[in-house]
Amino acid sequence: MTTNLTRLSMAVVALASVVLAAGVAVAGPLDHPGYVKSATCSACHGFAGASRSDTMPVLAGMDAAYIKKALQDYASGKRVSPEMEPFAKQALQLGVDDVAGYFASQKKAPTPVTADPAAVARGRTAAATCAGCHGADGKGDPSKQIPDLRGQPPGYLRNQMMLFKADRRSPGDANLKAIKTLMKTVPDQTFADLAAYYSSQR
Amino acid sequence: MRVTRRQFLRTSTAALGVGLLGGCAAAMQGDFMPKGGKRVVVVGGGWGGATAAKYLRLGDPSIEVVLLEPNKEFISCPFSNLVLSGVRTLPSLTISYDGLRAHGVKVLHAPAVAIEPEIQRVRVGEGFLQYDRLIVSPGVDFIFEQIDGAGQGERVVHAWKAGDQTVTLAHQLQSMPDGDVFVLTVPPVAFRCPPGPYERTSQIAWYLKTNKPKSKLIVLDANQNIVSKTGLFRAAWKAYPNIDYRASNKVTKVDFGERVVTTEFGDRVKFDVLNLIPPQRAGAIALRSGLGGDDQRWCPVDHVTYESTKARNIHVIGDATTGLPVPKSGNVANSMGKITAHAVTRLLAGKPPVPMPPGNTCYSWVSDREAIAVVNAYKIENNKVVQIEQKLTPAQSPQVAQNAVGWAQSIWHDMLG
């Protein structure tokens with residue numbers, strides 16, 4: 001009986017903790033446990049990862065594993081970025097899972113940068129070649145680390161395609177072999193169209 | 001006409017009172033906005049203060065946040081060197097405070113006249129505001145008295161606070177005859193924006209090279225070398241033979257009549273256009289209120305909460321601070337604003353503050369289309385800010401410039417959007 005009561009009270013305490021934790025999570029935008037480890041990021045990536053600029057990727061709603069890998073690659077210098085390397089090291093020291101989890105848990109916020117409708121239309125046609133992995137609309141597949149391209153800023157998407165083509169993003173990464181081979185077949189001027197198309201998708 | 005202090009306060013109060021808070025502060029006398037619940041007053045709506053005000057409201061909407069900022073609009077210092085070269089316009093760097101109002105921040109376009117730490121009041125106009133916590137983000141003021149002949153700065157064009165001065169200097173540069181000499185003087189550290197004078201050098205040199213090829217730019221630097229991004233600036237300046245850079249040339253005297261500046265070694269340098277960046281210290285309100293350290297120049301703070309080590313319940317952020325291994329940059333002030341807002345929110349709720357490290361990304365434009373950058377990441381160790389790493393871009397490039405534009409769009413929104 002006592003044991004049962006203890007068990008029951010423990011369960012109640014556990015349940016209360018869950019409710020409390022959930023309560024904390026929805027209490028306010030700064031109450032997420034990952035916020036205090038991610039506050040630096042908003043200077044460039046926008047509050048809660050909702051990037052406002054053409055060149056900084058939207059982190060809000062991005063797959064956690066993808067963010068974690070990106071931070072690890074930036075920190076190790078495999079993915080070269082003088083701007084990101086120190087901050088990736090900071091994120092790793094603070095707790096990369098908390099940082100990635102914070103952004104992944106945010107509501108997706110598509111870029112406010114608008115694309116030229118003609119470029120979107122051209123991009124839609126050109127995107128057929130990407131659909132095999134990213135899906136027709138660019139939704140991707142988190143289970144295969146294929147990122148969701150929808151609503152990312154066009155400048156960011158274009159820059160990444162250029163980096164893939166020149167093999168300057170994570171050289172030697174086996175997972176990126178296919179995309180790099182594909183990007184080499186795409187003329188530079190098409191990148192802007194593809195970027196316009198995916199950035200306009202929701 | 002002699003104006004008594006009281007008359008002056010009355011007139012300026014009346015002028016400033018117009019349009020504040022939709023009329024509820026028609027006259028700032030006595031306790032003109034009685035405090036109800038928890039209240040934080042923020043002094044200064046620049047990079048630190050604006051960010052702090054916004055993030056206080058995000059952190060706890062039950063906190064009343066009053067921002068004191070005399071300027072009607074925010075004008076960004078970062079990117080303002082591009083106004084001198086004509087690459088950007090001042091309106092493109094000007095942002096309304098309406099975004100903060102939408103977050104529920106009460107923006108009062110009035111200066112803080114004095115702080116009374118013992119009774120937790122800020123004097124504004126002829127009245128006062130009570131606070132539970134005060135965040136002081138006063139920026140810098142100029143030490144004109146260290147330059148003989150500068151007076152109170154009446155004739156000094158520093159353009160070191162973006163606004164009218166920026167437009168004046170741009171006009172002087174752009175209207176000077178080809179062949180004239182532009183002199184830029186750099187104060188000894190510490191000053192706001194360590195790479196700023198060298199970005200400005202690059203912009204002026206680019207402009208002169210492009211538009212006035214017979215003119216030259218003499219840079220009189222009080223420091224022994226370029227203070228920040230040294231190698232990258234040196235590399236960029238290879239494209240500008242019109243720069244005559246003189247290190248260890250501290251300017252101590254100016255004669256506006258003869259158009260001559262004199263260095264501490266007695267060298268006289270003639271100018272046609274002069275951009276004199278004076279030595280700097282924390283904004284006057286902070287030093288007047290006893291927040292200055294032993295040097296009576298900058299304000300020491302706790303590295304986790306940014307609470308002043310000189311006064312309880314008062315936090316100091318941005319360029320005015322000292323003792324942290326961080327540059328006096330807009331990005332750092334933005335970081336401090338976020339961290340302090342979080343700490344203050346916790347403290348007001350009776351919870352311990354959470355250590356949060358700042359960060360810094362700083363871009364400098366070396367031509368009309370290329371930029372360089374330095375990035376600093378930090379950690380908190382034994383309650384002190386410690387640098388993890390500093391990284392520079394390997395070279396100047398248009399890509400870095402594109403990132404600079406993205407950074408500006410983002411961080412302006414992070415502060416004021």
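Residues numbered from 1 in each chain as written. Chains lettered and ligands numbered in written order. Predicted model: local features only at pLDDT ≥ 70, side-chain atom pairs only at ≥ 80, totals over all residues. Heavy atoms only, no water.

## Regarding the overall build of chain A
Right, so step 1: When helices and strands are counted, chain A shows eleven helices and zero strands.
Right, so step 2: Along chain A, from the amino end to the carboxyl end, the secondary structure elements read α-α-α-α-α-α-α-α-α-α-α. (Helix = DSSP H or I, 4+ residues; strand = E, 2+ residues; numbered from the N terminus.)

## As for the side chain of N360 of chain B
Right, so step 1: Checked against the element boundaries, N360 of chain B lands in strand 23 (residues 359–365).
Right, so step 2: For N360 of chain B, a relative accessible area of 1% gives the class buried.
Right, so step 3: Among the polar contacts made by the side chain of N360 of chain B, one reaches the side chain of S329 of chain B at a distance of 2.6 Å.
Right, so step 4: Not counting the four nearest positions on each side in its chain, N360 of chain B is found in contact with F87 of chain A together with P327, S329, N331, V332, V374, V375, N376 and Y378 of chain B. (Buried < 20%, exposed > 50% of the residue type's maximum accessible area, 1.4 Å probe, protein only. Polar contact = N/O pair within 3.5 Å; in protein donor to acceptor, adjacent residues only side chain to side chain. Contact = heavy atoms within 4.5 Å.)

## Concerning the state of the cysteines
Right, so step 1: Evaluation of the coordinates by the stated rule reveals zero disulfides over all chains.
Right, so step 2: No disulfide involves C41 of chain A; its sulfur sits 9.1 Å from that of C44 of chain A, the nearest cysteine.
Right, so step 3: Under the relative-accessibility criterion, C41 of chain A is labelled partly exposed at 22%.
Right, so step 4: Free of any disulfide, C362 of chain B has its nearest neighbouring cysteine sulfur in C193 of chain B, separated by 5.6 Å.
Right, so step 5: Note on C362 of chain B: relative accessible area 11%, which makes it buried. (Disulfide = S-S within 2.5 Å.)

## Topic: the pattern of salt bridges
Close approach of charged atoms allows side chains with opposite charge to pair.
Right, so step 1: The tally for this structure, following the rule as stated, stands at 32 salt bridges over all chains.
Right, so step 2: Here D148 of chain A and R150 of chain A are joined by a salt bridge, their closest N and O atoms 2.9 Å apart.
Right, so step 3: The exposure class of R150 of chain A is buried, given its relative accessible area of 15%.
Right, so step 4: Between E64 of chain B and K106 of chain B there is a salt bridge, with the nearest N and O atoms lying 2.8 Å from each other. On the criterion of sequence distance, the pair formed by E64 of chain B in strand 3 (residues 64–68) and K106 of chain B in strand 6 (residues 106–108) is long-range, its members being 42 residues apart.
Right, so step 5: Salt bridges sharing partners connect three or more residues here, namely K69, D73, K78 and D173 of chain A. (Salt bridge = Lys/Arg side-chain N within 4 Å of Asp/Glu carboxyl O.)

## Side note on unusual backbone geometry
Right, so step 1: For the peptide bond that leads from V189 of chain B to A190 of chain B, omega is 5°, which places it in the cis range.
Right, so step 2: Locating A190 of chain B in the fold gives a position in the loop between strand 12 (181–186) and helix 6 (196–211).
Right, so step 3: The backbone of A48 of chain A sits at a positive phi, close to 55°, despite the residue not being glycine.
Right, so step 4: Along the chain, A48 of chain A turns up in the loop between helix 3 (42–45) and helix 4 (64–76).
Right, so step 5: One non-glycine residue with positive phi stands out, namely N383 of chain B, at about 65°.
Right, so step 6: Tracing the backbone shows N383 of chain B in the loop between strand 24 (371–381) and strand 25 (384–392).

## So, the domain arrangement of chain B
All names here are of chain B.
Right, so step 1: According to the domain assignment, chain B consists of domain 1 (5–139 + 283–356) and domain 2 (150–280).
Right, so step 2: Taken over C-alpha atoms, the centre of domain 1 sits 31 Å from the centre of domain 2.
Right, so step 3: With 18 residues of domain 1 in contact, the opposing surface of domain 2 contributes 24 residues.
Right, so step 4: Across the interface of domain 1 and domain 2, roughly 1700 Å² is buried in total on both sides, 60% from carbon and sulfur atoms.
Right, so step 5: For the domain 1 face of the interface with domain 2, the top three residues by lost area are N81, L84 and K328, together amounting to 38%. (Domains from an automatic or database assignment. Buried area = accessible area lost by both parts, 1.4 Å probe.)

## Some points on the nonpolar core
Right, so step 1: Core analysis: the largest hydrophobic core is formed by 103 residues, its most contacted members being L68, L129, L134, V136 and W407 of chain B.
Right, so step 2: The biggest single contributor to this core is helix 10 (residues 398–416) of chain B, with nine residues.
Right, so step 3: Excluding anything up to four places from it in sequence, W407 of chain B contacts A43, C44 and M56 of chain A together with W47, P78, F79, N331, T361 and Y363 of chain B.
Right, so step 4: Within the second largest apolar cluster, 49 residues are counted, among which are F144, I243, V251 and I372 of chain B. (Core = buried A, V, L, I, M, F, W, Y, C linked by side-chain atoms within 4.5 Å.)

## Concerning helix 6 of chain B
An α-helix turns once every 3.6 residues. As a result, residues three or four positions apart point the same way.
Right, so step 1: Between its first and last C-alpha, helix 6 of chain B extends 22 Å over 16 residues, near the 22 Å set by a 1.5 Å rise per residue.
Right, so step 2: In terms of burial, helix 6 of chain B is a largely internal element, 13 of the 16 residues being buried. (Expected span 1.5 Å × (residues − 1).)

## Some words on the interface of chain A and chain B
Right, so step 1: The interface of chain A with chain B comprises 25 residues on the first partner and 37 residues on the second.
Right, so step 2: Between chain A and chain B, a total of about 2700 Å² is buried, with carbon and sulfur atoms accounting for 60% of that surface.
Right, so step 3: Its largest share of buried area at the contact with chain B, chain A owes to V36, A43 and E83 of chain A, together 20% of the area lost on that side.
Right, so step 4: In this structure, K391 of chain B and E85 of chain A form a salt bridge, with 3.4 Å as the shortest nitrogen-oxygen distance.
Right, so step 5: Applying the counting criterion to the chain A and chain B interface returns 15 residue pairs in polar contact (both at pLDDT 80 or more).
Right, so step 6: Broken down by secondary-structure element, the contributors of at least two residues to the side of chain A that touches chain B are helix 2 (35–38), helix 3 and helix 5 (84–94) of chain A.
Right, so step 7: If one sorts the elements of the side of chain A that touches chain B by residue count, helix 5 of chain A sits on top with seven residues.
Right, so step 8: Across the side of chain A that touches chain B, the residue classes break down as 13 nonpolar, seven polar and five charged. (Nonpolar A, V, L, I, M, F, W, Y, C, P; charged D, E, K, R; others polar.)

## What to know about the domain arrangement of chain A
Residues and elements named next belong to chain A.
Right, so step 1: Its domain assignment divides chain A into domain 1 (32–109) and domain 2 (111–202).
Right, so step 2: Here the C-alpha centre of domain 2 lies 20 Å away from the C-alpha centre of domain 1.
Right, so step 3: Contacts between domain 1 and domain 2 engage 18 residues on the former and 21 residues on the latter.
Right, so step 4: Three residues stand out in domain 1 for area buried against domain 2, namely D54, Y66 and R79, and they jointly supply 33% of the buried area on that side.
Right, so step 5: For the interface between domain 1 and domain 2, the tally reads three salt bridges.
Right, so step 6: Between D148 and K108 there is a salt bridge, with the nearest N and O atoms lying 3.4 Å from each other.
Right, so step 7: For the pair domain 1 and domain 2, the number of links is ten residue pairs in polar contact (both at pLDDT 80 or more).
Right, so step 8: Counted by class, the side of domain 1 that touches domain 2 contains seven nonpolar, three polar and eight charged residues.

## Things to note about the pairing of strand 2 (residues 39–43) of chain B
Residue and element names in this part refer to chain B.
Right, so step 1: Burial analysis of strand 2 places five of its five residues in the buried class, which makes it a mostly covered element.
Right, so step 2: A two-sided burial pattern is seen for strand 2, the buried positions comprising R39, V41 and V43 on one face and V40 and V42 on the other.
Right, so step 3: In terms of handedness, the path from strand 2 via helix 2 (residues 47–59) over to strand 3 forms a crossover that is right-handed.
Right, so step 4: Note that strand 2 and strand 10 (residues 133–136) share four bridges and pair parallel. Residue pairing across strands places V43 opposite V136, the latter belonging to strand 10. (Right-handed = clockwise from strand over helix to strand, strands pointing away. Pairing = 2+ DSSP bridges.)

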